[in-house]
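As a plain string of letters, each chain reads:
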Amino acid sequence: MSLGGYRNREAWVDLTTGSVEYKTINEEYARKYVGGRGLGVRYMLDNGPEVEAFSPENLLCVMTGPLTGTRVNMSGRLCVVSKSPLTGTVTDSHMGGWTAARLKWAGLDNIIFKGKSDKPVYLLVENGEATLHDASDLWGKSTRETVKKLQERYGSETSVMAIGIAGENLVRFAGFINEHDRAAGRGGTGAVAGYKNLKAIVIKAEQKGNMPEANNKEKFPEAQKKALKALMDSPVTAPKKGGLSLYGTNVLTNIINEAGALPTRNSLESHFANAEAHSGETIRDTILVSEPTCHACPVACKKEVEVKDGKYKTKVESYEYESAWALGANCGCDNRDAIAYMINQCNEYGIDTIEIGNTLSMVMEASERGLIQEKISWGDADSMIDLIEKTVRREGIGDILAEGTGRAAEKFGDAQMAMVVKNQAIPAYDPRGIQGIGLGYATSNRGACHLRGYTVASEIMGIPEPTDRLKPEGKGELLKIFQDMLAFSDSLDICKFSSFAQNAEHYAEQYSSVVGIDITMDDVFKIGERIYNLERYYNNLAGFDGKDDQLPKRFLELPGTGGSKGEVSHLPQMLQEYYQARGWNNGVVPEKKLHELGIVS
């Protein structure tokens, strides 16, 4: 393959036999689906949507894109693609740090696992070769202990991504954590690894002499310069000036809360009176100790914190907005230090903070209503910590909670207590206060998700242009634009935060100069549309259609509070507009659209 940016080498690992086969990347696939998310989903479709998540036949795809590990800013993302044990849909989950870049420097684009090992193993990647090794001594270890032991074994120029005991115990929302506490958290890919007895992936490589070069060396400097200038000029991403750089993702807490769009106490309310206690501004003024960053990123959104004394003494790599909300306002908890402790706890065990936060808030509601014997009140941090322990170990009620918010609520007698879409719990934006994001949750191909189509950028931040957050009109068209562009950027794989400053033209120019294929802004959206329809087609074949593009009734019937007082989601109206924009029939991709986009021939 003559395309730039790719190593054009993949390791296909059969965990059942222990064999590794090396393949080149199909150039047609690279042109159509780029890499990362898009290419990984194509492999999933080829493997068959009828495959069970917990089965040897399910694939676990660790993917990079053509910009990964290059000099392109914010190009340090890695994508894990599989069939989700939580939702039954195709899923992809991304992590930052240095793992992705190092995989590229080690000579591989992607690693695709199939089968199931009969004992715990880890994979070592070095000099373009991948070998399996016994991980029996690592089984039962936390993610950080696993990383530490493997880095001691293989040296400092090593990246490690690992699962914790949550993945080993098949907690349906377990994820991967790498050496910088970056998480591929959503969808349960860590549980798929646990089922396969895959404990970790170790990548040993140096940047020097191994960084992929741009195919068009004349065009690349100008494309990079323009893209970097956009980051530097943006009030959101500018280093030490923008909101993300100063306060991290948690800059959103006060903004979203003021809008009445911060889901509170299991979304019984949409405003939390004490949100300031775990906001980005508070964290920066109190427990911030460091601001590390990922490969080729000038923004440095990570905010490392340390609680130096007391029973919640802890140190955690980043106090993120979604995590702080899930374990904070969502559970009625305003204890800054306890939230840091629980974020650290989740990282050690390898579980999704968003899902466990929603599960805990659902338990609190169930307790308040007398649906369960356990007594846990809103904001009871010590009981939350105890329930996290029980969940990752599947002890007592934790065995139910480990199945995820939706299944647990159904077990407790009221499925409507679960703030889920396709069995994945909602993130930190209330659909009553931000209409477009509710439509985004409903139509996300991986279950409730803000990152598929981040309309918050427009509805709250006015990027690229402002829209009225409380009006449903036009949100179907708006969401499609966001979903298609971000499907493309996820396949590059480049950080989503770049989209606060950069646009499709920046992505097209950087892709063109690195890969050597000239594309336009229109091509960016067309490729993104193809990828989004590819995912939807997979889900259609797996049994999903318009009946699954729904929101919990709470958002449609119970009015919001605070800045969204009296508001409900207008999903039915937006959904009709969205399907029309997509050309779908009740959530199903028609044959004509599949041919038009070249997904089927």
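1. Details of unusual backbone geometry
Part 1: The residue after I463, namely P464, is reached through a cis peptide bond having omega -5°.
Part 2: Along the chain, P464 turns up in the loop between α18 (456-459) and α19 (475-492).
Part 3: Going from L492 to D493, the amide bond is cis rather than trans, its omega being -10°.
Part 4: Checked against the element boundaries, D493 lands in the loop between α19 and α20 (504-515).

2. Some words on the layout of surface pockets
Part 1: Here the second largest pocket defines a volume of roughly 370 Å³.
Part 2: As for the second largest pocket, its lining consists of 18 residues, of which I463, P464, I481, F482 and M485 are closest to the centre.
Part 3: Going through the elements one at a time, α19 and α21 (521-541) are the ones with two or more residues in the lining of the second largest pocket.
Part 4: The leading source of residues in the lining of the second largest pocket is α19, at five residues.
Part 5: In terms of residue class, the lining of the second largest pocket is built from twelve nonpolar, four polar and two charged.

3. Focus on the nonpolar core
Part 1: In terms of nonpolar packing, the biggest core is built from 101 residues, with Y43, I256, Y429 and F488 touching the most fellow members.
Part 2: Looking at this core, the element that brings in the most residues is α19, giving eight residues.
Part 3: Counting 51 residues, the second largest nonpolar core, distinct from the first, contains C331, A340, A409 and A425.

4. Quick look at the side chain of N250
Part 1: Here N250 lies in the loop between α8 (243-247) and α9 (252-258).
Part 2: Owing to a relative accessible area of 0%, N250 belongs among the buried residues under this scheme.
Part 3: At 2.5 Å, the side chain of N250 and the side chain of T253 are in polar contact.
Part 4: Here H278 takes part through its backbone oxygen, which lies 2.7 Å from a polar atom of the side chain of N250.

5. With respect to the pattern of salt bridges
Part 1: Evaluated as defined, the whole model comprises 54 salt bridges.
Part 2: Note that E291 is salt-bridged to K303, the shortest N-O span being 2.5 Å. Of this pair, E291 sits in the loop between β13 (288-290) and β14 (304-307) while K303 sits in the loop between β13 and β14, and the two are twelve residues apart along the sequence.
Part 3: Judged by relative accessible area, which is 24%, E291 ranks as partly exposed.
Part 4: Using a relative accessible area of 4% as the deciding quantity, one classes K303 as buried.
Part 5: One salt bridge connects K526 with E596, and the closest N-O pair in it is separated by 3.9 Å. Here E596 lies in helix α24 (residues 591-596) and K526 lies in helix α21, a separation of 70 residues in the sequence.
Part 6: Under the relative-accessibility criterion, K526 is labelled partly exposed at 34%.
Part 7: One salt-bridge network, held together by shared partners, links K480, D484, K526, E529, R582, K593 and E596.

Thresholds applied
- Residues numbered from 1 in each chain as written.
- Predicted model: local features only at pLDDT ≥ 70, side-chain atom pairs only at ≥ 80, totals over all residues.
- Heavy atoms only, no water.
- Helix = DSSP H or I, 4+ residues; strand = E, 2+ residues; numbered from the N terminus.
- 1 Å grid on protein atoms, 1.4 Å probe; cavity = no way out; pocket = protein on both sides within 12 Å on 5 of 7 lines; lining within 4 Å.
- Points joined across faces, edges and corners; volume = space filled by probe spheres on them.
- Nonpolar A, V, L, I, M, F, W, Y, C, P; charged D, E, K, R; others polar.
- Core = buried A, V, L, I, M, F, W, Y, C linked by side-chain atoms within 4.5 Å.
- Buried < 20%, exposed > 50% of the residue type's maximum accessible area, 1.4 Å probe, protein only.
- Polar contact = N/O pair within 3.5 Å; in protein donor to acceptor, adjacent residues only side chain to side chain.
- Salt bridge = Lys/Arg side-chain N within 4 Å of Asp/Glu carboxyl O.

Any link to function would need more than the numbers given here.
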